[in-house]
Amino acid sequence: MDKAKELELKKIATEIRKSIIIQTAEAGSGHPGGSLSGVEILTYLYFVEMNIDPKNPKDPNRDRFVLSKGHASPLLYAVLAEKGFISKEELKGFRQIYSNLQGHPDMKKVPGVEMSTGSLGQGLSVANGMALAGKLDEKNYRVYVLLGDGEIQEGQIWEAAMTAAHYKLDNLTAFLDHNGLQIDGKITEVMSPEPVDEKFRAFGWHVIKIDGHDFNQIEKAVNEAKTIKGKPTIIIAETVKGKGVSFMENEVGWHGTAPNKEQAQKALEELQKQYEALEVQG
């Protein structure tokens, strides 16, 4: 990836992080930690990789993205607004009773949302169905899904993993947001799914491990996944919960706690400084 493109993506990612903070602070609720950790992954998919058109969100040939960890909706909404599927004005209504932007995404109310998610463990099964449909319909679209590492404690994930391998869904790529934390603490202490890479290999998947905040590594992994034939791919992305906001990083308490006014202001000041530093580079 050339430096100019990488810089552009970093700027977009910083704007998305600001939006996550604003949404959750305005609502007084939500899940900032795991939204911030997945920013680079969705930024790359939506602004580089996926064949999608905000003016034609139901295009039958579009690529699909499923946010299996549906509580990270502030991330998805921020990306959809930045891409033009919804207006940035709508983000002010996050989690408000009058708004379409619920705490978990609703496919019937929000353009660009492919599946209503929030019950953890279900997203990979849905992505399987989309990928299998693509095979049966002889379509060339690809399906992407973002999983949480606490989420993969769910048994349905492993049924879906077995199914994807059985049907040789090589048009399916899963990302694992591997930040190591869930609502009750470290994933290894709550119910360890490790070693995740060996488990997915045993289930018949192609496995790639990357730094989930490095756009070059994300690009390389996505391109590698497209070359794999006869099996699905999982990209295990090592990430930092709360990434980009110093007092939120690697702090489990920010899993499902919104920043107050003062905390939000501090976070936004940090992110603005990061954006300004990127501007200097450009």
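Residues numbered from 1 in each chain as written. Predicted model: local features only at pLDDT ≥ 70, side-chain atom pairs only at ≥ 80, totals over all residues. Heavy atoms only, no water.

- Looking at an unreviewed UniProt entry, the protein carries the name Transketolase domain protein, with the source organism given as Caldicellulosiruptor saccharolyticus.
- The Cofactor (unreviewed entry) comment attached to the protein in UniProt states, word for word, "thiamine diphosphate".
- As its UniProt record puts it under Sequence similarities (unreviewed entry), the protein is described as follows: "Belongs to the transketolase family." (UniProt positions renumbered as here; feature names shortened; annotations may be inferred.)

**Some remarks on the overall build of the protein**
- When helices and strands are tallied, the protein shows ten helices and seven strands.
- Its C-alpha atoms give the protein a radius of gyration of 18 Å, within 12% of the compact-globule value 19 Å for 282 residues.
- The principal-axis extents of the C-alpha atoms in the protein amount to approximately 50 × 45 × 40 Å.
- When contacts within the protein are restricted to residue pairs at least 6 apart in sequence, those whose partners lie at least 24 apart make up 76%.
- Surface summary for the protein: the accessible area is close to 12,300 Å², and the carbon and sulfur share equals 48%.
- The positive charge centre, built from 34 side chains, and the negative charge centre, built from 40, are 3 Å apart in the protein. (Helix = DSSP H or I, 4+ residues; strand = E, 2+ residues; numbered from the N terminus. Rg over C-alpha atoms; globule rule 2.2 N^0.38 Å. Contact = heavy atoms within 4.5 Å. Areas by Shrake-Rupley, 256 points an atom, 1.4 Å probe, with all protein chains shown as cover. Lys, Arg positive; Asp, Glu negative; His and termini not counted. Charge placed at Lys NZ, Arg CZ, Asp CG, Glu CD.)

**Structural notes on empty space enclosed by the protein**
- Considering all chains together, one arrives at one cavity of 30 Å³ or more under this definition.
- Considered as a void within the structure, the largest cavity measures approximately 80 Å³ in volume.
- Lining the largest cavity we find 13 residues, and of these Ile52, Asp63, Phe85, Gly112 and Glu114 sit closest to its centre.
- Tallied by class, the residues present in the lining of the largest cavity amount to six nonpolar, two polar and five charged. (1 Å grid on protein atoms, 1.4 Å probe; cavity = no way out; pocket = protein on both sides within 12 Å on 5 of 7 lines; lining within 4 Å. Points joined across faces, edges and corners; volume = space filled by probe spheres on them. Nonpolar A, V, L, I, M, F, W, Y, C, P; charged D, E, K, R; others polar.)

**A few points about the pairing of strand S6 (residues 206-211)**
- Where S6 and strand S7 (residues 233-238) come together, six bridges link them in parallel fashion. Opposite His206, over in S7, you have Thr233 as the bridge partner.
- Read as a crossover between parallel neighbours, the route from S6 over helix H9 (residues 215-227) to S7 is right-handed. (Pairing = 2+ DSSP bridges. Right-handed = clockwise from strand over helix to strand, strands pointing away.)

**A closer look at the sheet that holds S6**
- If you walk across this open sheet you meet the five strands as S1-S2-S3-S7-S6, and the pairing is parallel. Of all the strands in the sheet, just strand S1 (64-67) and S6 have a single pairing partner and so form its edges. For this sheet the average axis-to-axis angle between neighbouring strands, irrespective of direction, equals 20 degrees.
- In this sheet, strand S3 (residues 172-178) lies alongside strand S2 (residues 143-148) in parallel orientation, the contact comprising six bridges. Of the residues in S3, the one forming a bridge with Val143 is Leu172.
- Packing against the sheet, helix H5 (residues 123-136) makes contact with S1, S2 and S3, and its axis sits at approximately 170 degrees to S2. (Axes fitted to C-alpha atoms, helices over the stretch in contact; angles between N-to-C directions.)

**So, the side chain of Asn171**
- Take Asn171: it is sitting in the loop between helix H6 (155-166) and S3.
- Aside from chain neighbours lying at most four places away, what touches Asn171 is Ala131, Gly134, Lys135, Tyr141, Arg142 and Val143.

**Some details on the pattern of salt bridges**
- Under the counting rule described, the total for this entry stands at 13 salt bridges.
- Linking Lys226 and Glu49 is a salt bridge whose minimum nitrogen-to-oxygen distance equals 2.9 Å. Placement of the pair is Lys226 in helix H9 and Glu49 in helix H3 (residues 39-49), with a sequence separation of 177 residues.
- Taking relative accessible area as the criterion, Lys226 reaches 32% and is therefore assigned partly exposed. (Salt bridge = Lys/Arg side-chain N within 4 Å of Asp/Glu carboxyl O. Buried < 20%, exposed > 50% of the residue type's maximum accessible area, 1.4 Å probe, protein only.)

**Some details on the UniProt feature "domain: Transketolase N-terminal" (unreviewed entry) in the protein**
- Listed under "domain: Transketolase N-terminal" (unreviewed entry) in the UniProt record, and renumbered for this structure, are residues 11-269.
- Helix and strand shares over residues 11-269 are 40% and 13% respectively, and the end C-alpha atoms of the span are 15 Å apart.

**A closer look at the packing of aromatic side chains**
- Counted by the stated rule, this structure contains six aromatic pairs.
- For the ring pair Tyr77 and Phe94, a centre distance of 6.0 Å and an interplane angle of 70 degrees mean the geometry is edge-to-face. With a gap of 17 residues between them, Tyr77 in helix H4 (residues 73-83) and Phe94 in the loop between H4 and H5 connect regions that are remote in the sequence. Here Tyr77 matches Phe94 in class, with each residue buried.
- Between the aromatic rings of Trp158 and Phe203, the centroid separation amounts to 5.2 Å while the plane-to-plane angle is 50 degrees, which identifies the pairing as tilted. Pair noted here: Trp158 is in helix H6 and Phe203 is in the loop between helix H8 (196-202) and S6, with a separation of 45 residues, a long-range link.
- We classify Trp158 as buried; its relative accessible area is 14%.
- On the basis of relative accessibility, which here comes to 30%, the residue Phe203 falls in the partly exposed class.
- The aromatic ring of Tyr275 is capped on one face by Lys18, whose charged end is 5.0 Å from the ring centroid.
- In this structure, Arg64 is placed above the aromatic ring of Tyr141, and the distance from its NZ or CZ to the ring centre is 3.9 Å. (Phe/Tyr/Trp six-rings, centres within 6.5 Å; stacked < 30°, edge-to-face > 60°. Lys NZ or Arg CZ within 6 Å of the ring centre and 35° of its normal.)

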